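What follows is the residue order along each chain.
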Amino acid sequence: MRLRSLLLRTILLVTLALAGAHFESAAAFAQETQPQVAAEAPIVETPSAQAAKEIEKAKAQLASLQDSVKENADNDDALVGLAAKADELSRAVITVSVNLRPRFDQIKNRLTEIGEPPKDGQPPEAQIVTDERNALAAERAQINAVTGDAENLSIAVTKLVNEVIEMRRQLFADTLFRRTEISVSVLDDAASAFVRETGEFSQALASWATFVWKFKRFPLFAAIFLSLASALILLSGSYRVFGSYLRRDEAVENPSYIGRLSIAFWSTLIRTLALAVLLVTSFFFLNSFNVLRPDIAPVIGALFGTIGLVYFVGRFVNAIFAPREPHWRLVKLSNLGARSIGYCLLAMAVINGFDYLFGTIGEAMGSPLVLTVVRSLIAALIIGLILIFASFGKPMLARSGDPDAPGRHWPRGMAIILRVVGAALIVSALSGYVGLARFVATQLIITGAVVATMYVGLLSGKAISRQESFGDTFFARFLTRRFNLGPVAIDQVGLLVGLAIYAVALIVGIPLILLLWGFHVQDLQLIAFRLFTEVKLGGISISLLGICTGILLFAGVYLLTRWIQRWLDGNVMARSHVDLGVRNSVKTGIGYLGVGIAAIIGVSAAGIDLSSFALVASALSVGIGFGLQNIVSNFVSGLILLVERPFKVGDHVVSGTAEGIVKRISVRATEIETFRKQSIIVPNSELINGLVGNWTHRNKIGRSEIPVSVSYDADPQKVMDILLELTAKIPLVMRNPEPHVEFLRFGPYSLDFELRFFLADMGDGMTVRNNLRMEILRRFKAEGIEIPMPQSDLTIHRDAVPGLPAARKEPAESQEAQKDKPIEEEDRPVRQLRGRAAES
């Protein structure tokens, strides 16, 4: 009874203690989740309340954006900026909703822990638990409401962005297909406006130049100096890296296809970029130093753009057509054809550039629309006539292959295309669709040049990445001399260089084409941001920037791990004279740990949700259970070998049919090198599950034996004394335990002994035994101790055959003596027996 009452009291006390701990944890969680604070403590808002305020602010921003879109429905530049702001607002709203998710999961888990309120008839719960449940339920409802508002707001922002995109598309179409009446009166008005605009612009330009020379002379020269310095730095660096690809070697009479492509691409790209840097930095510094007036700044910008356009087309013509260097030409044209096509392209580029420049001047001077229309009309007509004129030329290379010979006509399809395009430009311009004609003419020149340059770049990358092609280039020869690379490594570098050329051609060319086709810089920034931060593949979001960051972090942590391995092995463990096997195990363990940490950091930085791979992991586990169990078994066995260390690198082991020195222990298999220098790869699971003999497990001490046999005439004690005396003279033989000799047995023809001694290193056993055997043989000969040969007695009974005389008993000969007899002598009695048997 006493024991029972004591047990009941103990159970009651434990129950009360557990209940008290539960209520204390509930109270602590309630204090964290509810803003119940003392009178003097400040009031802290819950995350849901803060998110609600952010959502309200986002609603106000959305309303403002909607009003701005309505006000700027005809301004494409303003719509671009509003679209960017709407995209930022959408990301902010999504961020608010995502940030509430952890708090929602926390509340959900806590409500699950608390459980449902007690039903009727059940004991009431503590008031603190009821208050906590009510507070959590209220906050969960608020989070649900905020999340719903965020979703609705995100949908509204997306709708606004789509409206802006549609409005911009409509503006582009209206501008492109706007029709203007062309008549004599329009031409007269345009001529009068041109004369007036010329005078106004001359006065404005003269007054600006006078002002700059008097008051802004130093900022002007500073801006020019800084822009020239920037361009020269880029150009000089490019010449150092791509010097051999920026100029043609006149001494080369028959350049390779790769050389022609490379020089055409890099000379066009690098030199154009250098000029672009000069022009952009010049405009930037002039504008930053307040050298440009608001009415002159757009004109200077248009002038710089025209210069860049004409220079780019000129470089392109020189790189592709090479009018004066036919052996560097990339297309099969005659010299006259290359010059004529080059001049036509350059003339169209100049016309486009001047049209753009005059249009900018007209906008700055406030010219009437009719002047802009007539300028574009004239430009479109001239470009159309140039195309028609070029279609009747004979630019193709003669059949003889001589570039100086008269060329052949265009292929029929190409000539027809040129005439159709030229006639379409003229007809559309005269019909009043000047904007369409002007747009088509611009794209023919600029977009065509950009696309052709990209194509040359892609061809160059393809040619360089072709197998065994990169080795003939200057850069490959430099790498071979500098880093002593072999043909295979150079071929792999060529593949990487080809891919890099692909990337440069696409990264430079595609944005230029998009800008030419009506996209703005903000559009490209938004596309790049979405491309690198969020790519949707079904229900999975992939961030290319995150993936690149993860790869870089993984590579960094991996390299750091390798450095730590080398530092520990070469500085800490080597100086401490740590055993080689221990050093190998530590290095391998740190390597696996570092790779695991690098993988975790890389995956986390890439933003990959590992929970998404739960299904893949489950399928992989099934595969492991069926097909990969041996691999997993070897992997786990390798980890056990590294931790438990039943043997280590450098040990002398015996496993099944393999015997040798352990050279390497990896997670899948162990490499054992036999004494014949054969490498045997043994799976780790066999070493764990099977019997493994390790001669050097604890230490390298081992016993070695030499069997010795002497004749029955020898004195056994003398033999034992000689063996011990010879062993004592070997310095490698250990004195403790001391050597000894065992008298094993009385053999059939000898007395058998065995000399046993211990060595500090079993690796010296072969040398010690070899030397001892030579000394034993030399000493036995000196002492007259015979080492007998194996022998046996042979008895022949001649009485077995009738008529033969009885065999005379002779001393038995040893087996070796019998072997040494000639065959005729050894077999004579047998032949005699066979002969007499045949006669009888």
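This is a predicted model, so every value here is computed, not measured.

Notes on the sheet that holds strand β8 (residues 702-710)
Thought 1: With antiparallel pairing, the 3 strands of this open sheet are ordered in space as β8-β10-β9. Taken across any chain shown, the strands that pair with only one partner, and hence form the sheet edges, are β8 and β9 (740-746). Recorded for the sheet is a direction-independent mean angle of 25° between the axes of neighbouring strands.
Thought 2: Of the strand pairs in this sheet, β8 and strand β10 (residues 751-759) are connected by 9 bridges, and their pairing is antiparallel. Residue R703 lies in a different strand from β10, and its bridge partner there is F758.
Thought 3: Set on the sheet, helix α21 (residues 716-728) makes contact with β8, β9 and β10; between it and β10 the angle comes to about 20°.
Thought 4: Together, β8 and β10 form the strand contacts of helix α22 (residues 765-783), whose direction differs from that of β8 by roughly 25°.

Quick word on unusual backbone geometry
Thought 1: Residue P737 is bonded to the preceding N736 through a cis peptide linkage, with omega at 0°.
Thought 2: Residue N290 is not a glycine yet carries a positive backbone phi of 60°.
Thought 3: Within the element layout of this structure, N290 appears in the loop between α7 (257-288) and α8 (297-321).
Thought 4: Owing to a relative accessible area of 52%, N290 belongs among the exposed residues under this scheme.

Here's the deal with the packing of helix α5 (residues 184-215) against helix α10 (residues 369-391)
Thought 1: Running from amino to carboxyl end, α5 crosses α10 at an angle of 105°, the nearest separation of the two axes being 8 Å. In terms of orientation, α5 and α10 fall into the roughly perpendicular class. Seen from α5, the contacting residues are V186, L187, D189, A190, A193, F194 and E197; seen from α10, they are V370, L371, V374 and R375.
Thought 2: A per-class count over the contact of α5 with α10 returns 8 nonpolar, no polar and 3 charged.

A few points about the side chain of S154
Thought 1: Mapped onto the secondary structure, S154 falls in helix α4 (residues 127-176).
Thought 2: Overall, S154 belongs to the buried group, its relative accessible area being 16%.
Thought 3: In this structure S154 touches S90, V93 and I94, once residues within four positions along its chain are discounted.

What about the sheet that holds strand β5 (residues 669-673)?
Thought 1: Spatial ordering of the open sheet is given by β6-β5-β4-β3-β7, a layout of 5 strands whose pairing is antiparallel. Only two strands of the sheet have a single partner each, and these edge strands are β6 (679-683) and β7 (692-694). In this sheet, adjacent strand axes meet at a mean angle of 40° when their direction is disregarded.

Let's talk about the environment of T372
Thought 1: For T372, the location among the structural elements is in helix α10.
Thought 2: With relative accessibility at 31%, the residue T372 sits in the partly exposed group.
Thought 3: Taking the C-alpha atoms as reference, T372 lies 8.8 Å from D355; in sequence the two are 17 residues apart.

A look at the nonpolar core
Thought 1: Of all hydrophobic cores here, the largest spans 55 residues; its most connected members are F265, V313, F321, I383 and F470.
Thought 2: For this core, the secondary structure elements donating two or more residues are α7, α8, α9 (335-365), α10, α11 (412-430), α12 (434-465), α13 (474-483) and α14 (487-516).
Thought 3: With 11 residues, the single largest contributor to this core is α12.
Thought 4: Ignoring sequence-local partners within four residues, the contact set of I383 consists of M348, I351, N352, L425 and A441.
Thought 5: Core analysis: the next-biggest nonpolar cluster, separate from the first, contains 29 residues, L62, V161, V164 and L171 among them.

What about the pattern of salt bridges?
A side chain of one charge can pair with a side chain of the opposite charge if their charged atoms are brought near each other.
Thought 1: Under the criterion given, the structure shown has 20 salt bridges.
Thought 2: One salt bridge connects R703 with E705, and the closest N-O pair in it is separated by 2.7 Å.
Thought 3: R703 gets classed as partly exposed once you look at its relative accessible area, which sits at 33%.
Thought 4: When the shortest N-O distance is used, the salt bridge between R745 and D752 registers 3.4 Å.
Thought 5: In this structure R745 comes out as partly exposed when scored by relative accessible area, which is 46%.
Thought 6: Within this structure, K718, E725, R779 and E783 form a network of salt bridges that share partners.

Some points on the environment of A658
Thought 1: Topologically, A658 is positioned in strand β4 (residues 658-665).
Thought 2: For A658, a relative accessible area of 5% translates into the label buried.
Thought 3: The contacts of A658, once residues within four sequence positions are left out, are V653 and I680.

Digging into the pairing of β4
Looking along a regular strand, one sees side chains alternate from face to face of the sheet.
Thought 1: Pairing of strand β3 (residues 652-655) with β4, which is carried by 4 bridges, proceeds in the antiparallel orientation. In the strand pairing of β4, S655 is matched with A658.
Thought 2: The pairing of β4 with β5 spans 4 bridges and is classified as antiparallel. Paired with I661 across the two strands is E673, which belongs to β5.
Thought 3: In this antiparallel pair of consecutive strands, β4 and β5, the connection spans 3 residues.

A short note on the packing of aromatic side chains
Thought 1: Per the counting criterion, the structure on display carries 11 aromatic pairs.
Thought 2: Where F743 meets F746, the ring centres are 5.4 Å apart and the plane angle is 55°; that geometry is what we call tilted.
Thought 3: Given the relative accessible area of 32%, F743 is considered partly exposed.
Thought 4: Under the relative-accessibility criterion, F746 is labelled exposed at 62%.
Thought 5: Here the aromatic residues F284, F285 and F289 are joined through ring pairs into a cluster of three or more.
Thought 6: Across the ring face of W213, the terminal group of R217 is positioned such that the distance to the ring centre comes to 4.4 Å.
Thought 7: Just above the ring of F392 sits the side chain of R419; from NZ or CZ to the centre is 4.1 Å.

Thoughts on the environment of G550
Thought 1: Along the chain, the position of G550 falls in helix α16 (residues 544-575).
Thought 2: For G550, a relative accessible area of 4% puts it in the buried group.

A few points about a nonpolar patch on the surface
Thought 1: Together, Y592, V632, F635, V636, L639, I640 and I688 line one region of the surface with nonpolar side chains, adding up to about 500 Å² of accessible area.
Thought 2: At 5 residues, the largest contribution of residues to the nonpolar patch is made by helix α19 (residues 629-644).
Thought 3: According to the relative accessible area criterion, Y592 is partly exposed, its value standing at 33%.

Considerations on the side chain of N352
Thought 1: Assignment of secondary structure puts N352 in helix α9.
Thought 2: Using a relative accessible area of 3% as the deciding quantity, one classes N352 as buried.
Thought 3: Polar side-chain contacts of N352 include one of 2.9 Å to the backbone oxygen of M348.
Thought 4: The residues touching N352, leaving out its near neighbours within four places in the chain, are L309, I383, R438, A441, T442 and I445.

Brief notes about the packing of α8 against α12
Thought 1: Their axes nearest at 10 Å, the elements α8 and α12 cross at an angle of 45°. Relative to α12, the element α8 is oriented oblique. Note that α8 runs across α12; the crossing there is left-handed. Side by side, α8 and α12 meet where L309, F312, V313, F316 and I320 of the first sit next to I445, I446, A449, V450, A452, T453 and V456 of the second.
Thought 2: Here the contact of α8 with α12 is built from residues that sort into 11 nonpolar, 1 polar and no charged.

Rules and cut-offs
- Residues numbered from 1 in each chain as written.
- Predicted model: local features only at pLDDT ≥ 70, side-chain atom pairs only at ≥ 80, totals over all residues.
- Heavy atoms only, no water.
- Pairing = 2+ DSSP bridges.
- Helix = DSSP H or I, 4+ residues; strand = E, 2+ residues; numbered from the N terminus.
- Axes fitted to C-alpha atoms, helices over the stretch in contact; angles between N-to-C directions.
- Contact = heavy atoms within 4.5 Å.
- Buried < 20%, exposed > 50% of the residue type's maximum accessible area, 1.4 Å probe, protein only.
- Parallel < 35°, antiparallel > 145°, perpendicular 65-115°, else oblique.
- Nonpolar A, V, L, I, M, F, W, Y, C, P; charged D, E, K, R; others polar.
- Core = buried A, V, L, I, M, F, W, Y, C linked by side-chain atoms within 4.5 Å.
- Salt bridge = Lys/Arg side-chain N within 4 Å of Asp/Glu carboxyl O.
- Phe/Tyr/Trp six-rings, centres within 6.5 Å; stacked < 30°, edge-to-face > 60°.
- Lys NZ or Arg CZ within 6 Å of the ring centre and 35° of its normal.
- Patch = residues over 30% accessible without salt bridge, like charges linked within 9 Å, V, L, I, M, F, W, Y side chains within 5 Å.
- Areas by Shrake-Rupley, 256 points an atom, 1.4 Å probe, with all protein chains shown as cover.
- Polar contact = N/O pair within 3.5 Å; in protein donor to acceptor, adjacent residues only side chain to side chain.
- Left-handed = near helix turned anticlockwise from the far one by under 90°.

By themselves, these are just geometric observations and shouldn't be taken as functional.
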